[in-house]
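Analysis of the macromolecular model
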Amino acid sequence: MSRSVSASSATWNPESSEGIYRLKNWGDGYFRISEKGEVTVDLTDAENGATKEFSLSSMVSGLEKEGIQTPVLLRFPSLLRSRLEKIHLGFEKAIEVAGYKNVYRGVFPIKVNQRAEVIEEMAGAAAKYHYGLEVGSRTELTVALAHLADPKAFLICNGYKDEAYIRLALSGLKAGLQVVIVVEMPGELKTIMKVATEMKIVPVLGLRLRLGLEATGRWGSTSGDKGLFGLNTSQILEVVDFLREEGALDCLQMLHYHQGSQIAGLSGVRSAAKEAARVFAELKREGAAMAFMNTGGGLAVDYDGSQTVSSNSMNYEVEEYCAAVVDSLKEILDRENVEHPVIVTECGRGVAAHYSVLVFNILEVSQFDESQTPDELPADSDDLLAEMQRQFRSISEENARTVVTSLASLRKEARNRFADGELTLRECGLADRFFYGAQRLAKGAAVENHAMAALQPTIGQSDFLYANFSVFQSLPDHWALGQFFPVIPLRRLDEQPTRQGVIADLTCDSDGKIKTYIHPKDESDFLPVHELEPGENYLMGAFLVGAYQETLGDMHNLFGLTHVASVENVAGETVFSKIVRGDSSDDVLEFLEYDLEGLREKFGVLTEKAAERGLISSEEGESMNSEYDKSLKDYTYLRKS
Ligand SMILES: *Cc1c(COP(=O)(O)O)cnc(C)c1O
């Protein structure tokens with residue numbers, strides 16, 4: 001057979017790439033591949049509502065002209081608006097279909113993405129949909145108070161609260177905002193009532209219910225008996241009795257629960273809503289002025305596009321989620337003969353995930369080069385190598401797997417004999433090449449058959465793509481929790497990818513890599529990639545990173561925040577509506593309490609001494625000092641050379 005068993009690229013087209021990278025599923029209609037083989041995003045003009053597709057790699061070129069290089073986080077406010085609208089309209093429709101007799105009012109939990117632009121965008125949406133904000137700390141509350149003005153939008157105060165937090169929340173209520181303080185711990189209640197009395201205001205209270213039923217999923221353990229948050233049945237009764245004694249039972253108006261994040265299936269959503277509706281009805285019967293049902297977050301995102309109940313996916317549509325909540329509440333409330341409350345949700349991930357894409361470039365590829373398999377063995381080579389060469393030459397599509405297995409064991413033998421001093425390092429290297437060469441040929445056949453899983457090599461035998469970003473900083477949930485994010489090349493998608501790669505970040509840490517990749521069927525340890533051309537700026541995108549990734553990052557190896565650029569469709573053109581430069585080295589060092597002047601001085605002493613000792617000239621010393629200074633001001637990531 002020929003040396004290359006990969007299929008002819010002639011039959012490959014952008015749809016083939018959409019298939020192997022499963023873009024149609026996780027792209028959710030926003031991301032697709034253009035005729036030219038580039039990943040595009042659909043952006044809607046906020047002024048005239050027209051939608052157009054734009055190439056991500058063209059955006060990167062545009063940013064380079066502004067002096068912004070990769071890695072860069074692209075943000076698409078239009079997707080944030082679109083997702084928020086989708087959820088809002090989903091609830092409106094479910095309410096209409098079910099004949100539910102009240103309205104929907106969403107709130108966005110600030111912790112999901114605290115960056116100013118996100119909150120500004122949310123506050124903007126509030127105008128249209130009375131969308132509100134949820135906060136979990138006093139600092140988040142300071143943000144929410146300054147962004148909400150709509151008296152119909154909710155400002156939900158969760159989290160543990162001290163007097164200062166409570167006082168600030170009640171100021172918002174006094175100033176006309178719809179602030180609800182959710183009681184998470186029985187102990188909080190006394191303080192809330194004391195501060196409210198001092199401020200001469202009647203608070204609006206919520207109760208956080210600890211659901212009895214366990215939720216599932218990666219983040220699902222926040223409910224049930226093991227959950228850390230919320231009140232159990234007896235604590236709820238304590239609160240009710242306390243309020244009754246105080247003559248303040250009508251302050252209690254909201255019931256809140258949060259099942260946990262990324263709820264993959266709807267049965268849990270339904271049972272939680274039903275359980276909460278029962279408690280709601282009982283509270284009403286106890287005499288509380290129950291008017292609001294807050295079902296928390298949990299709406300999932302299909303990160304791997306598998307449309308399953310796996311923890312990286314979901315097997316329902318947004319509209320089905322909305323219907324599950326509305327129908328379940330209605331069923332129980334009607335049975336209990338209780339008036340329908342306003343439905344509040346705190347969807348975070350479901351609103352924000354699509355919003356951001358991290359774009360990074362590949363710095364270098366370490367690959368096995370087929371041509372390195374020698375045609376001639378050096379004279380006096382060991383017989384083992386001659387045998388490996390013979391087997392390598394015999395490889396065909398039919399026997400590929402057998403030959404790879406056999407060469408794997410011969411290679412192992414070579415390693416052992418090297419250890420015993422019988423083979424030289426060069427001979428051992430040749431053994432590697434025959435093995436990798438066979439494996440690559442076998443892999444080519446597999447790519448053609450779309451059966452990559454069947455012949456997947458183990459790590460160390462696939463290409464390593466060294467990428468200009470840090471998993472710890474930019475994809476913290478992948479590093480810490482193994483959460484899946486779709487990562488794919490941004491261009492050349494009209495060409496067949498002929499290699500399989502593993503993406504390693506800049507940290508050289510064994511955790512500093514992407515461990516699972518998108519695959520036509522499930523997930524894979526490898527990503528189909530193209531053979532890089534010399535000097536090519538191969539761009540990759542990590543998608544669906546708008547929720548939880550931006551502010552959890554860790555400065556491993558002192559790689560800091562990336563540049564951020566917001567992109568809007570303005571009259572059919574891309575406009576960078578906001579550019580925020582990422583951390584420079586001095587930003588990161590200052591954060592870690594280094595004295596920058598002190599660092600400069602110490603380096604200055606080093607060069608001065610070196611000049612005195614005659615190791616360098618004083619001019620060299622000067623230029624080293626200015627290089628050091630320049631380095632402190634530079635982006636923490638690598639520059640393209
Ligand atoms: C984190 C959190 C949310 C958001 O959850 P998602 O799964 O992102 O929708 C909502 N409510 C509370 C109380 C939270 O802690």
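Up top is the structure.
Here is what the cut-offs are and how they apply
- Residues numbered from 1 in each chain as written.
- Predicted model: local features only at pLDDT ≥ 70, side-chain atom pairs only at ≥ 80, totals over all residues.
- Heavy atoms only, no water.
- Helix = DSSP H or I, 4+ residues; strand = E, 2+ residues; numbered from the N terminus.
- Buried < 20%, exposed > 50% of the residue type's maximum accessible area, 1.4 Å probe, protein only.
- Polar contact = N/O pair within 3.5 Å; in protein donor to acceptor, adjacent residues only side chain to side chain.
- Contact = heavy atoms within 4.5 Å.
- Pairing = 2+ DSSP bridges.
- Axes fitted to C-alpha atoms, helices over the stretch in contact; angles between N-to-C directions.
- Near = heavy atom within 4 Å.
- Areas by Shrake-Rupley, 256 points an atom, 1.4 Å probe, with all protein chains shown as cover.
- Expected span 1.5 Å × (residues − 1).
- Arc of directions from axis to C-beta.

Glancing now at the side chain of Asp42. Structurally, the position occupied by Asp42 is in strand 2 (residues 39–44). Overall, the relative accessible area of 15% leaves Asp42 in the buried class. Among the polar contacts listed, one links the side chain of Asp42 to the side chain of Arg32, at a separation of 2.5 Å. If we ignore the near neighbours within four places in the chain, the residues touching Asp42 are Gly29, Tyr30, Arg32, Thr51, Lys52, Glu53, Ser78 and Leu79.

If you trace the 8 strands once around the closed barrel, you get 5-6-7-8-9-10-11-12, paired in parallel fashion. Strand-to-strand twist of the sheet, defined as the mean angle between neighbouring strand axes without regard to direction, takes the value 25 degrees. The pairing of strand 7 (residues 154–157) with strand 8 (residues 178–183) spans 4 bridges and is parallel. The residue bridging Ile156 from the neighbouring strand is Val180, located in strand 8. Sheet contacts for helix 4 (residues 77–98): strand 5 (104–109) and strand 12 (342–345); angle to strand 5, the most-contacted strand, approximately 150 degrees. Packed on one face of the sheet, helix 7 (residues 163–174) meets strand 6 (132–135), strand 7 and strand 8 and runs near 150 degrees to strand 8.

This brings us to the site of the ligand. Residues in close proximity to the ligand total 16 residues, the closest being Lys111, Ser261, Glu346, Gly348 and Tyr548. Note that an oxygen atom of the ligand is positioned 2.5 Å from one of the side-chain N or O atoms of Tyr548. Considered on its own, the ligand offers 390 Å² of accessible surface; in the complex 92% of this is hidden by protein.

Another point: the pairing of strand 13 (residues 356–366). Relative to strand 13, strand 4 (residues 72–75) runs antiparallel, the two sharing 4 bridges. Residue pairing across strands places Arg75 opposite Ser356, the latter belonging to strand 13. In this sheet, strand 20 (residues 539–542) lies alongside strand 13 in antiparallel orientation, the contact comprising 4 bridges. The residue of strand 20 that forms the bridge with Asn361 is Leu539. By the bridge criterion, 4 bridges tie strand 13 to strand 14 (residues 463–467) in an arrangement that is antiparallel. Bridging across to strand 14, Ile362 finds its partner in Ala467.

Next up on the list: helix 5 (residues 116–129). Taking 1.5 Å per residue, 14 residues should reach 20 Å; helix 5 reaches 20 Å between its end C-alpha atoms and fits that length. Among the residues of helix 5, those classed as buried are Glu117, Val118, Ile119, Glu121, Met122, Ala123, Ala125, Ala126 and Tyr129. Taken from the residues just after helix 5, His130 is the one with a positive phi, measuring 55 degrees.

We now examine helix 9 (residues 233–246). Over its 14 residues, helix 9 extends 20 Å from the first C-alpha to the last, a length consistent with the 20 Å expected when each residue adds 1.5 Å. For helix 9, every residue scored as buried is listed here: Ile236, Val239, Val240, Phe242 and Leu243. In an axial view of helix 9, the angular spread of the buried residues amounts to 165 degrees, which keeps them on one side of the axis. Turned more than 90 degrees away from the buried face of helix 9, the exposed residues are Thr233 and Glu245. Elements that come into contact with the buried residues of helix 9 comprise helix 8 (188–199), strand 9 (205–208), strand 10 (252–256) and helix 10 (266–286).

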